Structures are given as C-alpha cells and as structure tokens.
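# Chains, contacts and geometry: an overview
What follows is each chain in one-letter form.
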Amino acid sequence: EEIFDSMQSFHTNSMESGGGPYQHVKPDSRTYNTLMNAYAIKGGPEAGTKALEVLSRIQNSSDVKPNPITYSTAIKALAKSASVDPSSQSDSNSDVLVGECAAYRALNLLKFFESRYILSQTDEEKAKGNNLVIPYNSTITAFANAAQHSSSNASSLAEEAESILKRMKAVEGIQPDAISHNAAMLAWARTGGQPAALRAELILRSMKNPTTVSLSTVLNAWAQADNAPKAAALLSEMEKKARFATAPTRIVPNTVLYNNVLNAWCKSSEPDALQNAEALLGRMESDPTCKRPDPVSYLTVLNALSKRHAPDRAHRAKSVLEKLLANHSTELASNHREGINALKAYNYVLAACAYTPPDASDEDRTSAADVLVDTFRQMNHRGQFEGPDQESYTLFLRGCCNLFEDGSEDRRLLIESTLRVCDQRGLVNEEIEMLASRSAER
C-alpha cells in the first residue's frame, strides 16, 4: 500500500509541476493487480473488501483498464475472506465482506467476468487463455470456505459450488480441472452428513483423472458423516485399481489416505471401530502393499484409545506408543515439531490409564496402574522434550487417584513426590491442587 501510494503521489506531483523524474512512473493495470494480489495473499477479513476498493479505482480510472487478471485476483481475495467466520467479527468491523457474503460477491464478480471475457471470446481466444479457469476455481473455493462456518446454510453453499462446476462444463473452451472438482468436493465435505458425503463421492467418480487430494477429500467427507465403513471400502477400491490400472487414471494410496481412514475409524460410532483402526494400523506396518505408518498414524490411534471406553485401553495404548518410538525414534529426536508430537503421544497413554473405566477388571486396573507409572518415568528420562508438561502431571495424578487404593503407601509416595517436582517446575494449577486435596481427604 505504502509503495503504491508513494508511486501515485510522486507521479501526481511531477505532473502538477510540469514534468519531473516521475512523470512517466504511474500505476498501470499490473501495478493495481499486484496490490490486489498482496491483499489476496495476506487473506483475512479485509482482503476482499480492500481488493474491491482497488478494483473500483481501476474501473473509475480514465487511463487504466482492468483485464482478466484484475477480476481473477479480486475473486481470489474474496475467496480468502470467505474463509473467515462471520461470528468472529465485531460490530465495528461489520462493513467487511466475510463468509457467505464474500462468496456471493465473488459469484457476482464471476458473472461479470464471464460476460466480459468468456462469452464474448472466440474459441481460439479461449484456447489461449488457460488462466480463464482460475476465477471459476476461486469462486468455487469461496463457497467451500464459507460452508465451513455456516451450519444452517452449508448445503446451499455446496450446491452453489457444484453449480459453478457444472457451469464450467457448459461453457465452450473452459474445462474444469482437478482443482475445480476438489474445491466442489470440499464444499460438500464441509457440509457434513451422509447425503453430502455421497454428493462428494459422485463428483469424484465423475473425474477423468482424480488426484490423491480428490480421494482424501471424499474420505474425510465420509469420516465427517460418521461412516467409516464407506471410507474403508473406498480406500480398498482404490487399492485394487492401483494394482491393475495404468497411469494417469489410477491413484496409488499414500500414507495420508490411510491416515484419513484411520481417522474415520477413530471418530466412528461403530462398536468395532477401535479394533478396525488398530487392525488397519497393523496392516500398514506388516503388509508390503500398504504405505508405512507415520507419526500421525500412531497419534490418531492413540488419541482414540485415550477417549474410548475400553477396559484394556491402557495396555493397548502402551503397545501403540512402543511401536511409534521403535519406528520413528530418529524423527522424534531430530524434529522439534515431531518432539511436540512425542509429548502428545505420552499424554494420550497417560489419559488412557487415568480414565480406565470403573467396571474394568482387577487385572486391567493393575495393568493400567503399571503402564501409568512406567510411562511417566519414561517421560522424565527421554530427550525429545523437556519432561512432562502440566497436562502430563494432571493426568498422572488423576490416574494415581483412580487406580491406586485409598490410603495405600504407593499412592501417597507417588503423589507426594510428583507434586513436589511439579511445584518446583512451577506447573501447579487449580486442577492439580484439587486432585492433591482430594487425595489427602481419602
């Protein structure tokens, strides 16, 4: 903005003074487009509004004319603003275009773009304009972005996204690409529910050359719809096609796609969902036709084990943690981001122990207590992170209260020593104080 304003000011001053070093340095369409693109790249609630202000200045200019890139860039900025949740905006910021308002403004701009640059062009001109697909893709993306914040109107926004995709197919010389289809599928995936997931899958099956992003979007749609069996069946179908089909029609499933299905099982309400997730993780480890699991694969299953009602989940979580450490110790030791994941993995195991169900057998409760203590000790002696965090201490103390008998010497020693170290590290909070107080009363 500052550079643009300076450029315009220098030019104006030079012209007013009868000429000067900046008389030929004035903003042209490329300058305006670059400024709009800066707003689009930055994103946020003001991106679309700012871009439209620049567009208005070009349209009202006597010596600068907008071009296809001008409108395409403005639509791109509106798509970014469409991803902003309208409820997050204060009353003082009510004049900005966000959410579905930004999406529908992008659609209006697309219609103007169509009438000016698409419908009036010859087939030869359209063939040369490969970038004419971009404003369509940006508009579809705008509706997909708006759908994630609209619980009541998400289906209508997804319908709009798919109608733009169909519109592209109807215009001669404009062919939707993978980005077009993926954005429309994303709109349905963000809508949630079984009908929306089915609509996303129908778009996938209409594609000549789907990508891994295409399949990932539909797998996540089925996960959102609480239909893990559908996600698993779709992945299985793609596995079979990958063995027999030839490029470019086939999708070779990668680790991300397997993780999508793991996530679907871990979120599923199916009674055997957790067992299916563990079975898929095991197949990824042992089946040479599968991609190997990455840290995200293990963390997804650990997260589920920390929350599911399963009497033996502590032992099962410990087993998954050991496999994670055995297979990815190098990444965990060298990558800071993965180090954070290592801490998260340990905390998932502590949670699985701490929340062992009351109806678990004595054997399962004893096993959970052993896993709790062993895991917490490991956390204090591993180098991937700076020891347990506040959540770790909270979960460990809760596990001690739930798994060790009232008044037992083991419980007293564990809680006292843990509280002492926790206090020394400045990590005591209200919940930890409450657990300590409850333990003392018992």
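Structural data are supplied above this passage.
What you see is a predicted model, and the numbers here were worked out from it, not measured in a lab.

Residues Leu 109, Tyr 136, Ile 140, Ile 174, Leu 204, Leu 215 and Leu 302 are the most contacted members of the largest nonpolar core, which totals 130 residues. Looking at this core element by element, the count peaks at ten residues for helix α17 (residues 336-354). Here Leu 109 is in contact with Leu 52, Leu 55, Tyr 71, Ala 74, Ile 75 and Leu 78, once residues within four sequence places are set aside.

With that out of the way, let us pick up the packing of aromatic side chains. For the structure on display, the rule yields seven aromatic pairs. Plain terms: the ring middles of Tyr 104 and Phe 143 are 5.0 Å apart, the flat faces sit at 85° to each other, and that makes the pair edge-to-face. Within this pair, whereas Tyr 104 is found in helix α5 (residues 99-118), its partner Phe 143 is found in helix α7 (residues 133-147), the two being separated by 39 residues in sequence. Its relative accessible area of 0% is what places Phe 143 among the buried residues. Measuring from centroid to centroid gives 4.1 Å for Phe 376 and Phe 396, while their planes differ by 10°, and the two rings are stacked. Of the two residues, Phe 376 sits in helix α18 (residues 362-379) while Phe 396 sits in helix α19 (residues 390-403), which places them 20 residues apart along the sequence. For Phe 396, a relative accessible area of 2% puts it in the buried group. By the ring-pair criterion, three or more aromatic residues cluster together here, those being Tyr 71, Phe 112, Phe 113 and Tyr 117.

Turning our eyes to something else, we now look at the packing of helix α9 (residues 178-191) against helix α11 (residues 212-224). Put simply, α9 and α11 touch, their axes get as near as 9 Å, and they point 10° apart. The orientation of α9 relative to α11 falls into the category roughly parallel. Along the contact surface, α9 presents Asn 182, Met 185, Leu 186 and Ala 189, while α11 presents Val 213, Ser 214, Thr 217, Val 218, Ala 221 and Gln 224. Its residues placed into classes, the contact of α9 with α11 shows six nonpolar, four polar and no charged.

It is worth spelling out helix α2 (residues 29-42) at this point. Taking 1.5 Å of rise per residue, the 14 residues of α2 would be expected to cover 20 Å, and the 20 Å separating its terminal C-alpha atoms lies within 8% of that figure. By the burial criterion, the buried members of α2 are Thr 31, Tyr 32, Asn 33, Leu 35, Met 36, Tyr 39 and Ala 40. Packed against the buried residues of α2 are α1 (2-16), α3 (47-59) and α4 (68-82). Looking at where α2 begins, the residue whose side-chain oxygen comes 3.2 Å from the main-chain nitrogen of Arg 30 is Asp 28. Of the residues flanking the end of α2, it is Gly 43, one or two places downstream, whose phi is positive at about 70°.

What counts, and at which threshold
Counting of residues starts from 1 at the beginning of each chain's written sequence and follows it residue by residue. Per-residue local features are limited, in this predicted model, to residues with pLDDT of at least 70; the limit for side-chain atom pairs, both in listing and counting, is 80 or more; totals at the level of whole chains, interfaces and linings are taken over all residues. Side-chain calculation: all heavy atoms of the structure are included, whereas hydrogens and water are not. The definition of a nonpolar core used throughout is a set of buried Ala, Val, Leu, Ile, Met, Phe, Trp, Tyr and Cys residues joined through side-chain atoms within 4.5 Å. Relative accessible area decides the class of each residue, using a 1.4 Å probe on protein chains only: under 20% of the type maximum gives buried, over 50% gives exposed, and in between gives partly exposed. The helix and strand labels rest on DSSP assignments: H or I over at least four residues marks a helix, E over at least two residues marks a strand, and numbering proceeds from the N terminus. Contact between two residues is taken to exist if any of their heavy atoms lie within 4.5 Å; hydrogens are not considered. Ring pairs are drawn from Phe, Tyr and Trp, using the six-membered ring of Trp, whenever the two centres fall within 6.5 Å, and their geometry is named by plane angle: stacked under 30 degrees, edge-to-face over 60, tilted for the rest. Only the stretch in contact is used when fitting a helix axis, every axis being a line fitted to C-alpha atoms; angles between N-to-C directions are given from 0 to 180 degrees. By the definition adopted for this analysis, an angle is roughly parallel if under 35 degrees, roughly antiparallel if over 145, roughly perpendicular if from 65 to 115, and oblique otherwise. Amino acids are sorted into nonpolar (Ala, Val, Leu, Ile, Met, Phe, Trp, Tyr, Cys and Pro), charged (Asp, Glu, Lys and Arg) and polar (every other residue, Gly among them). Expected span, for any helix, means 1.5 Å times one less than how many residues it has. The definition of a polar contact used here is a pair of N or O atoms within 3.5 Å, where within protein one atom must be able to donate a hydrogen and the other to accept one, and adjacent residues in sequence count solely through side-chain atom pairs.

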